[in-house]
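Results of the structural survey
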Amino acid sequence: MEYGYPKGHVFYRKLARTYPLVTHGDGIYLYDESGKRYIDGSGGAIVVNVGHGQREILQGMGDQMGQVGYVHGTQFTTKSIEEYGEALGEILPPDLGKIYFLSGGSEAVEAAIKLARQFHLESGQSQRWRVVARWHSYHGNTLGALSLTGRIGMRRPYLPLLVDFPHFPPPYCYRCSLGLTYPKCEIECAKALENVIQMEGPETISAVIVEPILGATIGAVVPPDEYLPLIQEICRRYGIFLIDDEVMTGIGRTGKWFAVNHWNVVPDVMVLGKGMSGGYFPLSAMITRSKFVDRLKEKTGGFIHGHTFSHHPVACAVGLSVLRFIKENHLVERSRERGAYLLKRLENLKSFPFVGDVRGKGLMAAIEFVKDQKTKEPFQRSERFTERVIDLAFEKGLVLYSGTGFVDGVNGDMIMFGPPFVIEESQIDEIIDILIRVFAQLNP
Ligand SMILES: Cc1ncc(COP(=O)(O)O)c(C=O)c1O
């Protein structure tokens, strides 16, 4: 049976395609009702980190549902909420001690910018409200988060509804917007932040938000080693909050618990989502330092914020089960090792003339496609190169994540890989074999 617009009552995410109906998942695989098997090469939207169909997660979730499915976050707490808080606290960078549980990444980003604002207000700095973000970033789709997101195509239709937050260029060395080359550039793109702060007025800036490794918009762009420590130093110098958006990179995805661990950076606020629950339940978190929460307690008495489904007992039970599963099966190390293998195998695909850049860390990786490897000229959007790759791979049973339009707002093609951490090397070989067949079909 075929599912999709205009049949039935479901308002589908994509109106121009039909959807196979998935009956079950197992490890890195998904199966549809016709029995076709798909490799979940991107874990959905880089979400499924412990794999599909893990009984331990189901057990944790079912146990909590059997005890109590819901209590309101202003009235009660549960063992699952308390135990998950403790378990997360053990792996968080030092000083990040207070965790506000939410349901989605965008929601957690909204909470982060409000927390920074409320803290400044209650510290006698009421003029601080603006948040500086980067072009080509992705921080979510609700209006506050979209105001930060640097994905042009998603912003433009809603511009009149967005907050006018400043943006600066990302450390996208493959196409440096400043026309410089690393390491001679001396990380001018990080210094551009200071310039924005000065031009806008440092006394008006509340926070700076960064994805430590840029993901959904531009595809696994890893900054040079000096970059994030310099961003942290600039924020500290001006008394500005550093918000670390680890919705995609967090909980082991890049081969460490958190991507900032690669550079020993400790932000003021960290935002988590996606893989936190392995996709088994909607779950995210906004995490900050105790001293900021203490200020809120002293002044207003609390955080002026809230959602019906925050601090959800079942979501926290799922998060706890996922965290235990990752620890017991040493999956962060696994993500690091299998990620290195994946990147090595992807590098070899540069023999195809349209594979421009291969990048990533751990099991978060991307390929950027170009029309010309030497000049890096992108394909024209009308060629729909990414869509062709994605569709052919899907046909052959490989699911990937994609992004377009990041070179100049219109052109730019990339695919992302983010398989479950339980993936074996032989299964990475399966992914590569399918890609080779897809690329061979597209070879001019
Ligand atoms: C870094 C980052 N932040 C925030 C979000 C938004 O999360 P959600 O889609 O759960 O609202 C995403 C989603 O892709 C993300 O990658």
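Notes on the structure follow. Just so you know, these numbers come straight off a predicted model, no measurement behind them. (Residues numbered from 1 in each chain as written. Predicted model: local features only at pLDDT ≥ 70, side-chain atom pairs only at ≥ 80, totals over all residues. Heavy atoms only, no water.)

What follows covers the overall build of the chain. Scanning the chain from N- to C-terminus turns up 13 helices and 15 strands. Relative to the compact-globule value of 22 Å for 444 residues, the chain shows a C-alpha radius of gyration of 22 Å, a close match. Across the 444 residues in the chain, those meeting the buried criterion constitute 57%. Taking all contacts inside the chain whose residues are at least 6 apart in sequence as the whole, residues at least 24 apart take part in 72%. In the structure as shown, the chain presents an accessible area of about 19,300 Å², 53% of it carried by carbon and sulfur atoms. Side chains of the chain give 48 positive and 50 negative charges; the mean places of these two sets differ by 2 Å. (Helix = DSSP H or I, 4+ residues; strand = E, 2+ residues; numbered from the N terminus. Rg over C-alpha atoms; globule rule 2.2 N^0.38 Å. Buried < 20%, exposed > 50% of the residue type's maximum accessible area, 1.4 Å probe, protein only. Contact = heavy atoms within 4.5 Å. Areas by Shrake-Rupley, 256 points an atom, 1.4 Å probe, with all protein chains shown as cover. Lys, Arg positive; Asp, Glu negative; His and termini not counted. Charge placed at Lys NZ, Arg CZ, Asp CG, Glu CD.)

So, on to the site of the ligand. Looking at the ligand, the residues that line it are Gly104, Gly105, Ser106, Tyr138, His139, Gly140, Glu211, Asp245, Val247, Met248 and Lys274. Within the contact set of the ligand, a nitrogen atom lies 2.7 Å away from a side-chain nitrogen or oxygen of Asp245. The separation between an oxygen atom of the ligand and a polar side-chain atom of Lys274 is 3.0 Å. Residues of the shell around the ligand, tallied by class, amount to 3 nonpolar, 5 polar and 3 charged. (Near = heavy atom within 4 Å. Polar contact = N/O pair within 3.5 Å; in protein donor to acceptor, adjacent residues only side chain to side chain. Nonpolar A, V, L, I, M, F, W, Y, C, P; charged D, E, K, R; others polar.)

We now examine the pairing of strand 1 (residues 22-26). Bridge count between strand 1 and strand 2 (residues 29-32): 4 bridges; the pairing is antiparallel. When the bridges of strand 2 are listed, His24 appears paired with Tyr31. Hairpin connection from strand 1 to strand 2: 2 residues lie between these consecutive antiparallel strands, with Gly27 at a positive phi of about 65 degrees. (Pairing = 2+ DSSP bridges.)

On to the environment of Ile113. Turning to its location among the elements, Ile113 is positioned in helix 4 (residues 105-121). If sequence neighbours within four positions are ignored, Ile113 has contacts with Val131, Gly144, Leu148 and Ile243.

Attention now goes to the sheet that holds strand 4 (residues 98-102). Across the sheet, which stays open at both edges, the 7 strands sit in the order 4-10-9-8-7-5-6 with mixed pairing between neighbours. The open sheet is flanked by strand 4 and strand 6 (167-168), the only strands paired with a single partner. Examined bridge by bridge, strand 4 and strand 10 (residues 284-288) share 5 bridges and lie antiparallel to one another. Bridge pairing links Phe101 to Ala285 in strand 10. Across the sheet, helix 9 (residues 290-298) lies against strand 4, strand 8 (241-245) and strand 10, angled at about 85 degrees from strand 10, the strand it touches most. (Axes fitted to C-alpha atoms, helices over the stretch in contact; angles between N-to-C directions.)

Within the secondary structure, Leu121 is located in helix 4. Taking the C-alpha atoms as reference, Leu121 lies 9.8 Å from Leu296; in sequence the two are 175 residues apart.

Right, let's talk about the sheet that holds strand 15 (residues 413-417) for a bit. A sheet is described by the order of its strands in space; here 4 strands give the open sequence 11-12-15-14, paired in antiparallel fashion. The sheet is open, and its two edges are formed by strand 11 (355-361) and strand 14 (401-404), each paired on a single side. Averaged over all pairs of adjacent strands, the angle between strand axes in this sheet comes to 20 degrees, irrespective of strand direction. Bridge count between strand 12 (residues 364-369) and strand 15: 5 bridges; the pairing is antiparallel. Pairing of Ile367 across the sheet is with Ile415, part of strand 15. Docked against the sheet, helix 13 (residues 425-442) engages strand 11, strand 12 and strand 15, running at close to 160 degrees with respect to strand 15.

Once that is clear, we can look at the nonpolar core. Grouped together as the largest cluster of nonpolar side chains are 109 residues, with contacts concentrated most on Phe101, Leu346, Ile367, Phe369, Phe417, Leu435 and Phe439. Looking at this core element by element, the count peaks at 9 residues for helix 10 (residues 313-328). Excluding its chain neighbours within four sequence positions, the residues that come into contact with Phe439 are Leu349, Phe352, Phe354, Val355, Ile367, Phe369 and Val389. (Core = buried A, V, L, I, M, F, W, Y, C linked by side-chain atoms within 4.5 Å.)

On to the packing of aromatic side chains. Counting across every chain of the model gives 18 aromatic pairs. Summarising the aromatic geometry, the rings of Tyr172 and Phe406 are spaced 6.4 Å apart at their centres and angled 70 degrees between planes, so their arrangement reads as edge-to-face. Highlighted residues: Tyr172 in the loop between strand 6 and helix 7 (188-200) and Phe406 in the loop between strand 14 and strand 15, separated in sequence by 234 residues. Judged by its relative accessible area of 1%, Phe406 falls in the buried class. In this structure an aromatic cluster arises from ring pairing among Phe352, Phe354, Phe369, Phe379, Phe385 and Phe439. For Arg17, the ring lying beneath its charged end belongs to Tyr19, and the centroid distance is 4.6 Å. (Phe/Tyr/Trp six-rings, centres within 6.5 Å; stacked < 30°, edge-to-face > 60°. Lys NZ or Arg CZ within 6 Å of the ring centre and 35° of its normal.)

Turning our eyes to something else, we now look at the pattern of salt bridges. Pairs can form between side chains of opposite charge once their charged atoms are near each other. Inspection of the entire model under this criterion finds 20 salt bridges. For Glu383, the salt bridge goes to Lys371, with nearest N and O atoms at 3.4 Å. One end of the pair, Glu383, is in the loop between strand 12 and helix 12 (385-395); the other, Lys371, is in the loop between strand 12 and helix 12, with 12 residues separating them in the sequence. (Salt bridge = Lys/Arg side-chain N within 4 Å of Asp/Glu carboxyl O.)

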